[in-house]
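Read off the chains here:
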Amino acid sequence: MSDKYHSCLVSRLSRFVSLTDHECAFIADLEKEELAYRKGRPVVSVGDATEGIVVLKSGWAVVKADSSDGRSQILRVYLPGEVIGLAEIGSAHANHRVVMQTDGMICPFPRKGLAPLFIDYPRLGALLTSIGSLDQIALRHHASSLGSMDATGKLKFWLLQLRARLEVANVGLGNRFRVPFSQVEIGQAVGLTSIYVNKLLRGFVENGDIEIDRPYVRLLKRDSWEKDCEFVNPFVDMDTSWFPPAIGQEVTGATDLVEPV
């Protein structure tokens, strides 16, 4: 496979199926226009016309909701190789703002350009639909954790799910992974104050549950955490049996891919 196909999106999708060269070429077209965005820059603002999707080629982004009293809530985290806007494809205007959490590269793609995805690349369309479904399941699990767990469980669950999603994106293997969030922002994601987040993190370190080397975190007791939180990783249970056959050239396995930096 040509170097031009080495991308976070290709790497992410190839964890579930082996992509054909034709499918990779379509993904390369999705990523053709590259725009560098700095940390804090809006990708989408509330009320913007949803004219297409955005491939997050590198960097992290977050979906934020703002209340009238000035407080913000982080509703979702987007990781390298994920597609922003698929969940909103049926809406004419954006309901939440998306901002860059780190410096990164985005690739905007017009909505009308998605038609060939369902006509010429039906398996790729089924794959993106399925990943979107797993993302929604993960979001439901997160929402459930916020409503049913105590503060310790909420933060544990958020870190576990972040690690699992980074593994799918192939940018955070193992138990050590990057967490480019301030304690205020972590609180916005799990519904806690920054003071409480600080207290919990210090407790985790003192108890030998985690190691922190900012911005990296290493989970030292992941198995026990997953048991305590009854953590379910939806990304290891994709059903591909219903996918239509790939149209195009011979498939190239995921092992041919270079791990993204």
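This text follows the structure it describes.
Residues numbered from 1 in each chain as written. Predicted model: local features only at pLDDT ≥ 70, side-chain atom pairs only at ≥ 80, totals over all residues. Heavy atoms only, no water.

Our next topic: unusual backbone geometry. Geometrically, the link from arginine 214 to proline 215 is a cis peptide bond, its omega value of 5 degrees lying close to zero. Residue position: proline 215 is located in the loop between strand 10 (210-213) and strand 11 (216-219). A positive phi angle, close to 50 degrees, is found at glutamate 230, a residue other than glycine. Since its relative accessible area comes to 66%, glutamate 230 is described here as exposed. (Helix = DSSP H or I, 4+ residues; strand = E, 2+ residues; numbered from the N terminus. Buried < 20%, exposed > 50% of the residue type's maximum accessible area, 1.4 Å probe, protein only.)

Moving on, we get to the sheet that holds strand 9 (residues 176-178). In space, the three strands of this open sheet follow the order 9-11-10, with antiparallel pairing throughout. Edge strands, defined here as strands with exactly one partner in the open sheet, are strand 9 and strand 10. Between one strand and the next, the sheet's axes are offset by a mean angle of 20 degrees, whatever the strand orientation. Examined bridge by bridge, strand 10 and strand 11 share four bridges and lie antiparallel to one another. Across the sheet, the residue bridging to isoleucine 212 is valine 217, located in strand 11. This element, helix 5 (residues 151-169), spans strand 9 and strand 11 of the sheet and lies at about 90 degrees to strand 9. (Pairing = 2+ DSSP bridges. Axes fitted to C-alpha atoms, helices over the stretch in contact; angles between N-to-C directions. Contact = heavy atoms within 4.5 Å.)

Along the chain, the position of leucine 200 falls in helix 7 (residues 194-206). With relative accessibility at 8%, the residue leucine 200 sits in the buried group. On a C-alpha basis, the gap between leucine 200 and proline 244 in space is 47 Å, while along the polypeptide they are 44 residues apart. If we ignore the near neighbours within four places in the chain, the residues touching leucine 200 are Ala151, Thr152, Leu155 and Leu192.

With the rule as written, the count across this model stands at 15 salt bridges. A salt bridge links lysine 156 to aspartate 228, with the shortest nitrogen-to-oxygen separation between them at 4.0 Å. Remark: aspartate 228 occurs in helix 8 (residues 222-229) and lysine 156 occurs in helix 5; sequence separation between them is 72 residues. Owing to a relative accessible area of 55%, aspartate 228 belongs among the exposed residues under this scheme. Taken together, the shared-partner salt bridges in this structure form one network comprising Arg12, Arg76, Glu82, Asp135 and Arg165. (Salt bridge = Lys/Arg side-chain N within 4 Å of Asp/Glu carboxyl O.)

Ranked by internal contacts, the top residues of the largest apolar core, which has 32 residues, are Leu155, Trp158, Leu162, Val179, Phe181 and Ile186. Those elements that provide at least two residues to this core are strand 5 (72-78), helix 5, helix 6 (183-190), helix 7, strand 11 and helix 8. In terms of residues, this core owes the most to one element, helix 5, which gives nine residues. Membership of the second largest hydrophobic core comes to 29 residues, among which are Val17, Phe26, Ala138 and Phe235. (Core = buried A, V, L, I, M, F, W, Y, C linked by side-chain atoms within 4.5 Å.)

Such coordinate-based values are descriptive only and should not be taken to indicate function.
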